[in-house]
Amino acid sequence: MSNKKPSLDVAVIGAGFAGLYMLHKLRAMGFRTRVFEAADDVGGTWYWNRYPGARCDVESMQYSYSFSEDLQQEWTWTERFATQPEILRYINHVADRFGLRSDIQFKTRIDAARFDEGGSFWRLTTGGGESIDASYCIMATGCLSNARIPDLRGLADFRGAIFHTGSWPHEGVDFAGKRVGVIGTGSSGIQVIPEMAKQAKHLYVFQRTPNFTVPARNAPLTQSEVANWKGNYAEHRRFAREATRSGTIYDFAKTSALLASEEERAHEYSARWKKGGANFMHAFNDLLTDERANDTAAEFVRERIREIVKDPTLAEALSPRDYPIFTKRICVDTDYYETFNRPNVSLINLRKTPIETIVENGARTAESLIELDAIIFATGFDAITGALDAIDISGREGKQLREKWRSGPRSYLGLMSAGFPNLFTVTGPGSPSVLSNVIVSIEQHVDWIADCLEHLRSRNLAFIEPTVSAEDRWVEHVNEVANSTLYPRAASWYMGANIPGKARVFMPYIGVDKYRQICRDVVSAGYDGFILAPNASSLQPSMTNPLQIETNFD
Ligand code: NA7
């Protein structure tokens with residue numbers, strides 16, 4: 001066994017919201033920490049997703065760090081829903097304010113992370129062939145960072161320009177006078193389409209599955225709105241963390257849609273539709289658990305589509321019918337349905353006329369050749385596990401994480417996976433992650449991991465790993481919770497359904513409030529379900545003799 005101490009205590013992969021806060025926190029605690037980032041600057045998701053119309057669908061007063069009172073008081077958001085450039089400015093401000101850049105190695109993609117059992121540390125390998133050793137490895141790689149372009153026949157023959165919303169050119173693109181195709185109508189497509197319609201000569205929207213979207217009603221924030229938030233930040237943040245399922249404050253209804261009269265329902269839905277934003281989801285308390293209740297909300301939105309879109313055939317083609325509303329991420333738009341009334345916009349319904357092949361000058365469907373100068377893929381991400389799978393991660397006995405997760409990700413609390421000591425995932429599968437205000441979830445994970453490393457250090461322990469039985473129980477619990485809702489009814493990226501060949505398993509944990517309590521209970525019970533050890537070899541026996549875990553998840 002090598003006694004050489006690794007050069008780093010902690011290696012963090014990714015310089016988005018998660019990686020930056022992790023660095024700030026650990027550095028202050030005296031851990032030798034370094035962040036590795038593939039891009040040439042900070043920002044993660046907000047660095048890459050620069051497409052026209054890109055905005056956060058969580059309101060800006062809630063979509064920010066809470067760890068520094070000074071930071072949250074000094075920063076002023078200008079709009080109800082912040083644009084990508086404004087969020088990126090905020091992230092850059094944070095990086096500068098806390099002097100984080102000096103400990104971030106940019107333009108460095110981590111290709112592999114191997115647990116070196118001899119030396120008992122993590123050895124990372126970069127794309128450039130550099131090796132880095134660290135006692136702990138923290139994956140802050142993001143849930144929506146592995147952009148996917150589908151394998152369309154003939155794509156290599158296309159002579160026009162190809163873009164993906166999740167990897168947009170920094171210099172911007174001029175689409176004036178161009179015939180543009182957007183493939184995909186998820187949140188990104190629904191944001192880019194109205195903007196593209198204003199720029200392009202003609203826009204062709206290639207839709208496979210229509211999505212439900214609610215109007216954002218975005219507007220500048222008033223001074224009094226900002227003052228109200230800033231004056232009550234502590235309480236607002238506490239409420240979001242401890243009393244909500246999604247870590248976001250909405251106007252939560254306490255009544256069932258089915259107990260309300262038709263008029264009451266119409267009144268409630270209309271009021272929320274007028275106010276805008278994802279608050280619409282919370283009009284009644286059974287919309288995600290009762291199909292009949294859910295259908296009242298879905299039908300309200302379909303009625304709005306019929307009202308807005310002048311051509312009834314087009315309105316019907318834009319109306320989702322084969323999954324419950326909210327079980328795919330609800331989209332929040334500005335003039336999405338209105339855009340289809342423009343003469344320079346055409347909808348290509350891929351359910352009726354699929355793309356047979358891309359050719360050098362466009363896309364050939366079963367019906368016609370659509371000539372295009374540019375194709376924008378708004379086709380999403382290999383979500384939640386994609387960025388982790390892209391790294392060759394191998395743990396004890398050379399076991400690969402992507403092999404272990406082939407039939408679906410297995411983790412304990414979405415924080416660690418058995419067989420991979422000292423490897424943490426921020427907002428990993430099995431944690432609220434994408435079903436929450438992700439900054440709330442990031443801060444909780446970063447704090448939990450930092451406390452855990454302090455716990456180990458103060459007791460002269462160096463290793464931590466979950467037991468297989470704790471992990472099994474957790475995976476079962478995540479599924480039980482999901483199955484008590486309508487979520488699994490949609491072929492969504494929450495289920496891995498957008499990636500051919502990916503296991504269909506519901507990946508996020510539903511319930512920020514409950515999840516946080518469970519994480520605290522696990523710690524109070526002495527890191528229940530984890531093995532803590534002074535050396536790596538002491539981790540071994542537990543795998544054949546798993547501990548029984550006491551923490552009650554229910
Ligand atoms: P999404 O939500 O995964 O949407 C991707 C869209 O692309 C969706 O409409 C897909 O249709 C469509 N798609 C995917 N593959 C194809 C192929 N092969 N052909 C045609 N259409 C396809 O990704 P977004 O980037 O919009 O949003 C992801 C999250 O990022 C979002 O929720 C925010 O949190 C930020 P499908 O529904 O699969 O039939």
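What you see as residue numbers is a count from 1 along each chain, following the sequence as written. In view of the model being predicted, local features appear only for residues whose pLDDT reaches at least 70, and side-chain atom pairs are presented and counted only at 80 or more, with totals across whole chains, interfaces and linings using the full set of residues. Hydrogen atoms and water are omitted, and side-chain values are computed over all heavy atoms in the structure.

**With respect to the overall build of the protein chain**
Helix and strand counts for the protein chain come out as 17 helices and 20 strands. We compute the radius of gyration over the C-alpha atoms and compare it with the globule rule, which gives 2.2 Å times the number of residues raised to the power 0.38. What you see for the protein chain is a C-alpha radius of gyration of 24 Å, in line with the 24 Å of a compact globule of 554 residues. Projected onto the principal axes, the alpha-carbon positions of the protein chain cover approximately 70 × 55 × 45 Å. Looking at the 554 residues of the protein chain, the share that counts as buried comes to 59%. Where accessible areas are quoted, they stem from the Shrake-Rupley method and a 1.4 Å probe; at the residue level, only the protein chains shown are allowed to cover. Working note: accessible area of the protein chain is about 22500 Å², and carbon and sulfur atoms make up 48% of it. A gap of 2 Å separates the mean positions of the 62 positive and 68 negative side-chain charges of the protein chain. Each helix corresponds to a stretch of at least 4 residues labelled H or I by DSSP, and each strand to a stretch of at least 2 residues labelled E; elements are numbered beginning at the N terminus. Burial here depends on accessible area, computed with a 1.4 Å probe over protein chains only, as a share of the maximum for the residue type. Under 20% is buried, over 50% is exposed, and the range in between is partly exposed. Here Asp and Glu are counted as negative and Lys and Arg as positive; His is not counted, and neither are the chain ends. Here the site of a charge means atom NZ of a Lys, CZ of an Arg, CG of an Asp or CD of a Glu.

**Description of helix 8 (residues 262-275)**
Along an α-helix, residues three or four positions apart point the same way, because every turn accommodates 3.6 residues. By definition here, a helix of n residues has an expected span of 1.5 Å times n minus one. Between its terminal C-alpha atoms helix 8 stretches 20 Å, which fits the 20 Å expected from 14 residues at 1.5 Å a residue. When helix 8 is considered as a whole, its buried residues turn out to be Arg265, Tyr269, Arg272 and Trp273. For helix 8, the angular spread of the buried residues around the axis is 105 degrees, confining them to a single face. Residues of helix 8 that are exposed and point over 90 degrees away from its buried face: Glu263, His267, Lys274 and Lys275. Among the structural elements, strand 10 (213-215) and helix 9 (291-308) are those in contact with the buried residues of helix 8. Picture the helix axis, draw a direction to every C-beta atom, and the arc is the one those directions span. Every residue pair with non-hydrogen atoms within 4.5 Å of one another is taken to be in contact.

**Overview of the confidence of the model for the protein chain**
Confidence per residue, as judged by the predictor, is encoded in pLDDT with a range of 0 to 100. Overall, the prediction assigns the protein chain a mean pLDDT of 96, with 98% of residues at 70 or greater. Throughout residues 541-547 the model reports pLDDT below 50, and contacts reaching past four residues in sequence, or to other chains, amount to 12 contacts.

**What to know about the domain arrangement of the protein chain**
Domain annotation of the protein chain identifies domain 1 (8-146 + 383-538) and domain 2 (161-207 + 329-380). Residue ranges assigned to the domains are those given by an automatic or database domain assignment. Centre-to-centre separation of domain 1 and domain 2, based on C-alpha positions: 32 Å. Listed by partner, the interface residues are 15 residues for domain 1 and 15 residues for domain 2. When two components associate, each loses some accessible surface as probed by a 1.4 Å sphere; the sum of these losses over both components is called the buried area. Together, the buried faces of domain 1 and domain 2 total about 1400 Å²; carbon and sulfur atoms form 50% of this surface. Contact with domain 2 buries surface across domain 1, with Tyr51, Pro52 and Asp57 losing the most and accounting together for 43% of the total. Just to be clear on terms, a salt bridge is a Lys or Arg side-chain nitrogen sitting within 4 Å of an Asp or Glu carboxyl oxygen. Our count for the domain 1 to domain 2 interface comes out at one salt bridge.

**Some points on unusual backbone geometry**
Positive phi, normally seen in glycine, also occurs at Arg217, with a value near 55 degrees. In this structure, Arg217 sits in the loop between strand 10 and helix 6 (223-231). For Thr427, which is not glycine, the phi torsion reads 55 degrees and is therefore positive. With respect to the element layout, Thr427 can be found in the loop between strand 18 (423-425) and helix 14 (438-458). In this structure Thr427 comes out as buried when scored by relative accessible area, which is 5%.

**Some points on the sheet that holds strand 12 (residues 345-349)**
Pairs of strands are assigned from DSSP output, requiring at least two bridges between the strands. If you walk across this open sheet you meet the five strands as 7-16-8-9-12, and the pairing is parallel. Each having just a single partner strand, strand 7 (161-164) and strand 12 make up the two edges of the open sheet. On average, adjacent strands in this sheet sit at an angle of 20 degrees to one another, irrespective of strand direction. Both strand 7 and strand 16 (residues 374-377) contribute to a ladder of four bridges, which runs parallel. The partner of Ala161 across the bridge, within strand 16, is Ala374. Under this scheme, a helix contributes an axis fitted over its contacting stretch, all axes are lines through C-alpha atoms, and angles between N-to-C directions fall in the 0 to 180 degree range.

**Notes on the pairing of strand 2 (residues 33-36)**
Where strand 1 (residues 8-13) meets strand 2, four bridges bridge the pair, whose relative direction is parallel. Bridge pairing in strand 2 links Val10 to Thr33. Both strand 2 and strand 3 (residues 104-105) contribute to a ladder of two bridges, which runs parallel. Note that in strand 3 the partner of Phe36 across the bridge is Gln105.

**Points about helix 9**
With 18 residues, helix 9 extends 26 Å from end C-alpha to end C-alpha; this agrees with the ideal 26 Å at 1.5 Å per step. Among all positions in helix 9, only Ala293, Asn294, Thr296, Ala297, Ala298, Phe300, Val301, Arg302, Arg304 and Ile305 are buried. Packing partners of the buried residues in helix 9 comprise strand 10, helix 8, helix 10 (312-317) and helix 11 (336-339). With a side-chain oxygen lying 2.8 Å from the backbone nitrogen of Arg292, the N-terminal cap of helix 9 falls on Asp290. Polar contact is the term for a pair of N or O atoms within 3.5 Å; when the atoms are in protein, one must be able to donate a hydrogen and the other to accept it, and sequence-neighboring residues count only if both atoms are side-chain atoms.

**Digging into the site of the ligand**
We call a residue near a molecule or strand whenever a single non-hydrogen atom of that residue lies within 4 Å of it. Taken together, 18 residues lie around the ligand, and Ser188, Arg208, Thr209, Lys328 and Arg329 are the ones closest in. In this structure, Thr185 approaches the ligand through a main-chain N or O atom, which is 2.9 Å from an oxygen atom. Take Arg208: an N or O atom from its side chain is 2.8 Å from an oxygen atom of the ligand. Compared with its free state, where it exposes 780 Å², the ligand has 84% of that area covered by protein. Looking at the shell around the ligand residue by residue, the classes come out as seven nonpolar, eight polar and three charged. Any residue outside Ala, Val, Leu, Ile, Met, Phe, Trp, Tyr, Cys, Pro, Asp, Glu, Lys and Arg is labelled polar, Gly included; the first ten of those are nonpolar and the last four are charged.

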